[in-house]
Amino acid sequence: MQIKKFVPVYVAYNKPKEIVCTTEKILGNIIDAIDHPEKIYPVGRLDKNSEGLILLTNHSEVIDKITNSKNAHEKEYLVTLNHPVRSQFLKEISEGIEIQGEKTLPCKVSIEPNAKRIFRIVLTQGLNRQIRRMCNAYDYQVIKLQRVRVMNITLGKLKPGEWRDLTEVELKELFRLIK
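To start, this report covers the structure provided alongside it. Because the structure is a prediction, the values reported are computed rather than measured. Within any chain, residue numbers begin from 1 and follow the written order of that chain's sequence. Local features in this predicted model are restricted to residues of pLDDT 70 or higher, and side-chain atom pairs are both shown and tallied only at a pLDDT of 80 or more, whereas totals for entire chains, interfaces and linings draw on every residue. Water and hydrogen atoms were dropped before computing side-chain values, which therefore reflect all heavy atoms in the structure.

**Structural notes on the pattern of salt bridges**
Filter applied, for reference: Think of a salt bridge as a Lys or Arg side-chain nitrogen and an Asp or Glu carboxyl oxygen that are within 4 Å of each other. Counting from the N terminus, the helices are the DSSP runs of H or I reaching at least four residues and the strands are the DSSP runs of E reaching at least two.
Tallying each qualifying case throughout the model produces 14 salt bridges. A salt bridge links Asp47 to Arg132; its shortest N-O distance comes to 3.1 Å. Here Asp47 is found in the loop between β2 (41-42) and β3 (51-57), whereas its partner Arg132 is found in helix α4 (residues 130-136), with 85 residues between them in sequence. Measuring nitrogen to oxygen at the nearest pair gives 2.7 Å for the salt bridge that ties Glu170 to Arg164.

Here you go:
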């Protein structure tokens, strides 16, 4: 009997809306959508109505180090709202606000150039539906929520539904950041 050698796999995937970040055997799950030859797992979550970058791997230690909130790794999002972004809203959410009985950590925010309804936000925590809840607290509705970066890994030119292996340069920096 031959023992299969563990070969780590690290994937960047541009999750389209409607794909569910679960390994459960349900219609529209992320594992079936990617159809990778190795058994891989999502690193964290993006809700069904969100899109953009999600990492997947078969390396459980890496999953734990990236997703553990005490490590405060950055995740960056582009958010499109139903109304123009008010500067007071950006100021207040950047300082942290109360949602569901918990105060959010300070975060980086900026309005997108030449866009009235789109802003960029960098979080170091991942409360459930955090961005949507922060926006809802100010009577905004999120029209589009796209994750564009996890730590040093960016979405780049990946089209929705496409995936790619992480590069050696990306992996080297990722391992440095999670040490």
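**Looking at the layout of surface pockets**
Unoccupied space between atoms shows up once a probe the size of one water molecule is rolled over them. Cut-off, in case you're wondering: The method works on a 1 Å grid over the protein atoms by themselves. A cavity is a set of points holding a 1.4 Å probe that cannot get out, a pocket is an open set with protein on both sides within 12 Å along at least five of seven lines, and residues with an atom within 4 Å of a point line them. Grid points are joined across faces, edges and corners, and a volume is the space filled by probe spheres set on the points. The nonpolar class holds Ala, Val, Leu, Ile, Met, Phe, Trp, Tyr, Cys and Pro. Asp, Glu, Lys and Arg form the charged class, and all remaining residues, Gly among them, are polar.
In this model, the largest pocket occupies a volume close to 610 Å³. Mapped onto the lining of the largest pocket, the elements with two or more residues apiece are α2 (60-67), β4 (75-81), α4 and β9 (142-150). Here the lining of the largest pocket is built from residues that sort into 12 nonpolar, 11 polar and six charged.

**Points about unusual backbone geometry**
Positive phi outside glycine occurs at Glu18, with the angle close to 80°. Among the structural elements, Glu18 can be located in the loop between β1 (10-15) and α1 (30-34). Phi is positive for Asp139, close to 65°, though the residue is something other than glycine. Summarising the element assignment, Asp139 is placed in the loop between α4 and β9.

**Describing helix α5 (residues 168-178)**
For clarity, the cut-off: Type-normalised accessible area, obtained with a 1.4 Å probe on protein chains alone, sets the label of each residue: buried when under 20%, exposed when over 50%, and partly exposed for intermediate values. Starting at the helix axis, one direction is taken to each C-beta atom, and the arc is that of these directions.
What α5 keeps buried is the set Glu170, Leu171, Leu174 and Ile178. End-on view of α5: buried residues confined to an arc of 95°, all on one side of the axis. Turned more than 90 degrees away from the buried face of α5 sit Glu168, Val169, Lys172 and Arg176, all of them exposed.

**Looking at the nonpolar core**
Applicable threshold: The term nonpolar core refers to a set of buried residues drawn from Ala, Val, Leu, Ile, Met, Phe, Trp, Tyr and Cys, joined through side-chain atoms within 4.5 Å. Should any heavy atoms of two residues lie within 4.5 Å, those residues are considered in contact.
Among the nonpolar cores identified, the biggest contains 31 residues, and Val79, Leu81, Phe89, Ile93, Phe119, Ile121 and Cys135 are the most heavily contacted of them. Secondary-structure elements contributing two or more residues to this core are β1, α1, β3, β4, α3 (87-95), β8 (118-123), α4 and β9. Setting aside residues up to four positions removed in sequence, Phe89 forms contacts with Leu81, Phe119, Met134, Cys135, Tyr138 and Tyr140. Leu53, Ile66, Leu158 and Leu171 belong to the second-largest nonpolar core, a separate cluster that totals 17 residues.

**Some details on the packing of aromatic side chains**
Where two aromatic rings form a pair, the distance of their centres and the angle of their planes describe that pair. Which entries qualify depends on this criterion: A pair of aromatic rings is counted whenever rings of Phe, Tyr or Trp (Trp by its six-membered ring) have centres within 6.5 Å, and the orientation is called stacked for planes under 30 degrees apart, edge-to-face for over 60 and tilted otherwise.
A full pass over the atoms with the stated rule returns four aromatic pairs. Note on Phe89 and Tyr138: the rings are 5.2 Å apart at their centroids and 70° apart in plane angle, and the pair reads as edge-to-face. One end of the pair, Phe89, is in helix α3; the other, Tyr138, is in the loop between α4 and β9, with 49 residues separating them in the sequence. Taken together through their ring pairs, the aromatic side chains of Phe89, Phe119, Tyr138 and Tyr140 make up a single cluster.

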